[in-house]
Structures are given as structure tokens and as C-alpha cells.
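In case you want the letters, here they are:
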Amino acid sequence: MGTLIEAIEQRLTELPKGLFDHISRTRDLARTIAEAHGVDQELCDIGAAAHDLARHHDDAFLIREAESLGLPITNLDIAEPLLLHGPVAARWMRDRHPCLDEDVISSVHYHTTGRPQMSKIEKVVFLADKLEPQKVINDPSLAKITKIYLHDLDEAVLSSIALRIRAILKLGGVVHPLALDTWNWILLTKSRSR
């Protein structure tokens, strides 16, 4: 794992400073959340380090790269190509590091939307990306989730998705189907466990 994180860190030095700083804060928070839930901190750190490796690319590049990698592209992806940055980075990780843990690759792929059957690693990276300290400063409504994530991953993911969906609907935007599927999956899973 040592050479893997070193390879990722080398790529991080090529990113714009603001994005590099966001990733650094996300990595720190991912380790904190992972430790609180007994999740492998190193694997969460790798996912957090890689989650935005393709975030700085423009729309045309993301569409071209997704096409060249054979990734499925939906109408929503065409309308909002930035949604492809997670899947593109995940494929880069899979292609360059084929023995990498599948949960880490999925944490990169689905860090924007979530997905049904998220592993704990995926939930940690998802939350760390959404709740890193600068994002909470920029959007104080996120602060209430910071009181939840160390105790209940599922409730924190639900709260994060709920806030995001409300914001999108307020702007008249389109809610990604995977975000809705994630919401429903967690709710159904929680109700079955009662």
C-alpha cells in the first residue's frame, strides 16, 4: 500500500491548490471517521486521496475520457459531465492498481452520489468529502451532520443526502437517481433491522 499512496500523492501535487487542499482535509476527516467506526484507516485514506483526481478536468475531457474508458454515460452525465469525475478516477485506479480493494475503488466511483449497498469504506469517503471542515464553514447547515457521523454512519449519509436533495430541488435541478436509490436503500435497511 505504501507505493500506491505514494503514487496517488505524486498525482495530487499536480492538482490546483484549492483542490489539493480539499483532498487533504478530506483525507484527515476520513481517517477520523474510519477510526471512530473501526474501519481500515489506510483504505479510507486511499479512497479519500483518489476521490477527486479527475475533478479539475473540463467537461469535454471528462466525456472523452469516460468514452475512451468504456464507461456508461447517461443523459444526466451529458447534461452535467462533472458527475463523471468519480467514475473516471475510479477506472484510472482500477486500471493502474488492479489488486486494489474493490471497496476503495467504489468509494472513489460513488463519492458524489452514494449507491445502494455502500460498504463502510464507501460511507466514510462519501461523508469525508461532504463534511470536510471548509465545506462546513461554507455551508453551516452541514454542521448538524458533524454531530452524527462519529456515531451513526447511515444516519449521517441520510442527512447529507437529504440536505443535498433539498438544495437541488430548491434550485429546480435534477436529483441523481443513485442518490435517491441510496436514500431508499439505507431507509429500507434500517427499517428491516428494527
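Conventions used here
Residues numbered from 1 in each chain as written. Predicted model: local features only at pLDDT ≥ 70, side-chain atom pairs only at ≥ 80, totals over all residues. Heavy atoms only, no water. Core = buried A, V, L, I, M, F, W, Y, C linked by side-chain atoms within 4.5 Å. Buried < 20%, exposed > 50% of the residue type's maximum accessible area, 1.4 Å probe, protein only. Helix = DSSP H or I, 4+ residues; strand = E, 2+ residues; numbered from the N terminus. Contact = heavy atoms within 4.5 Å. Salt bridge = Lys/Arg side-chain N within 4 Å of Asp/Glu carboxyl O. Polar contact = N/O pair within 3.5 Å; in protein donor to acceptor, adjacent residues only side chain to side chain.

Draft legend 1. Up close: the nonpolar core. Counting 58 residues, the largest nonpolar core has I8, I46, L53, V88 and L127 as the members making the most contacts within it. Of all the elements, helix α11 (residues 153–170) adds the most residues to this core, at 8 residues. Contacts of L127, omitting those with residues within four sequence positions, involve L29, I33, Y149, L153, A156, V157 and S160.

Draft legend 2. Examining the pattern of salt bridges more closely. With the rule as written, the count across this model stands at 12 salt bridges. With a shortest N-O distance of 2.6 Å, R25 and E132 are connected by a salt bridge. In this pair, R25 sits in helix α2 (residues 17–37) while E132 sits in the loop between α8 (120–131) and α9 (133–138), placing the two residues 107 residues apart along the sequence. Taking relative accessible area as the criterion, E132 reaches 2% and is therefore assigned buried.

Draft legend 3. Structural context of the side chain of E132. Reaching out from E132, the side chain makes a polar contact with the backbone nitrogen of Q134 at a distance of 2.8 Å. When sequence neighbours within four positions are dropped, the list of residues in contact with E132 reads H22, R25, T26 and L29.

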